[in-house]
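# Topology and contacts: notes
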Amino acid sequence: MGTQDDSTERPATRNTFDRRLTTMGRRRFISTLLGAGFGSMAGLLTPEDVEVLGRSDIPLVYAQGKNSEPRTTMVPADWFDDLRSAIDAHRRLDVHSTPGVVGSAVVPGEFGGRNATLAVDVTGSEASGVVPERVGDVAVEVNRVESVSSNMARTEQVASFEGKRIPGGVKCANRVAAGTLAPAMYAGDTPFFVTSNHVYGGDEGRFTGEPFFAVGADGPRKIGEVRRGYQLDDFVRIDPVDGFRPVSEILGTSQLPVVGQLTREGLAELKARGAKLEKFAPNSGHTFGSIQAIDGMTCAYGKVCKRGQLKWGSQSDFTDGDSGSVSYHPDLENPDSGLLVGGFNNARTWWPGEDYIWGTAAYRITNEYGFTFSPPTADAR
């Protein structure tokens, strides 16, 4: 195995702050941060965010809250440079069309510890022989996996909801399959119900207008109709009907409201300090797990390869019917104020040597479609 050439080296992030950012126009300021590798954070930071900083720490947008308001924290500049290099290397990794390669992801490094790496899942020795050992300065770890089936029995937890306010974590269904409802998602100020697209078989379009049910202690109740499925990122948008209302809450939690979604960098920051994500689903209940990798790509499930994948937790914490539930974490700076969604839980590993839950990260859906888990006002909860 060899090394893929790195021809797009960026300057160290700390060098960005040698420039007079506070006197730049907004367009040039954003362009400078984009060139330094701040990605989608560039449009959310302000000159004031960087004006008072030393060279050892930089601002990181870890989440977006109400009205997409950025939430920031400080991280070591060296750690961020290492993360940025790994994300760039993952973008250049040219093995996804290789037979036997079923997925890849970025494994963020630790504060003051191991560096970020790339993890590549392969199904045979012939594939592992062509995966490079490094992409530039970033090490590549190859994981050989084998497909096996897995069936786990669970005791189902049935929700009891009052009135027509429907939280996330409730069992949901169409005419032939069941999943788990996510908390309210928003297109601007408009809330809608959402769960996994593969509950409807994975195709797009053909089930538009089909009824959608929430299953509670009193049985199934029609709460919406399908507006559109998104096969690539495995979620489906459902419009409420008959006065039912999706709310920014998750059943089985501490009653904290959902206030936004974590960014890609926010997930990396949680991984770096060993924080755990949580989930609640009616079949497997309330579970906790560590983040394993971000910015993932997988071709192991469904009809299309999926990007923006989050790997976390353990396969033993996920079972049939949990698809559509979300991973979440209390707000980093104000943990008593609310919950931030990490992403959907759409599948689990079914092969030896790997052990995690995976699904599309919330930041991917926000970046691609503009949908958020951020209620526009407190009343939306």
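Residues numbered from 1 in each chain as written. Predicted model: local features only at pLDDT ≥ 70, side-chain atom pairs only at ≥ 80, totals over all residues. Heavy atoms only, no water.

### Structural notes on the overall build of the protein chain
Looking only at helices and strands, one finds seven helices and 24 strands in the protein chain. Across the 381 residues of the protein chain, 56% fall into the buried class. A separation of at least 24 residues holds for 62% of the contacts in the protein chain among residues at least 6 apart in sequence. Working note: accessible area of the protein chain is about 15600 Å², and carbon and sulfur atoms make up 45% of it. (Helix = DSSP H or I, 4+ residues; strand = E, 2+ residues; numbered from the N terminus. Buried < 20%, exposed > 50% of the residue type's maximum accessible area, 1.4 Å probe, protein only. Contact = heavy atoms within 4.5 Å. Areas by Shrake-Rupley, 256 points an atom, 1.4 Å probe, with all protein chains shown as cover.)

### Considering the environment of Ser97
The residue Ser97 is located in the loop between α4 (77-92) and β4 (101-107) in this model. Its relative accessible area of 69% is what places Ser97 among the exposed residues. Along the chain, Ser97 and Cys299 lie 202 residues apart, while their C-alpha atoms are 9.9 Å from each other.

### Re α4
An ideal rise of 1.5 Å per residue puts 22 Å on 16 residues; α4 measures up with 23 Å between its terminal C-alpha atoms. Burial runs high along α4: twelve of the 16 residues are buried. Considered for burial, the residues of α4 that qualify are Ala77, Trp79, Phe80, Asp81, Asp82, Leu83, Arg84, Ala86, Ile87, Asp88, Ala89 and His90. (Expected span 1.5 Å × (residues − 1).)

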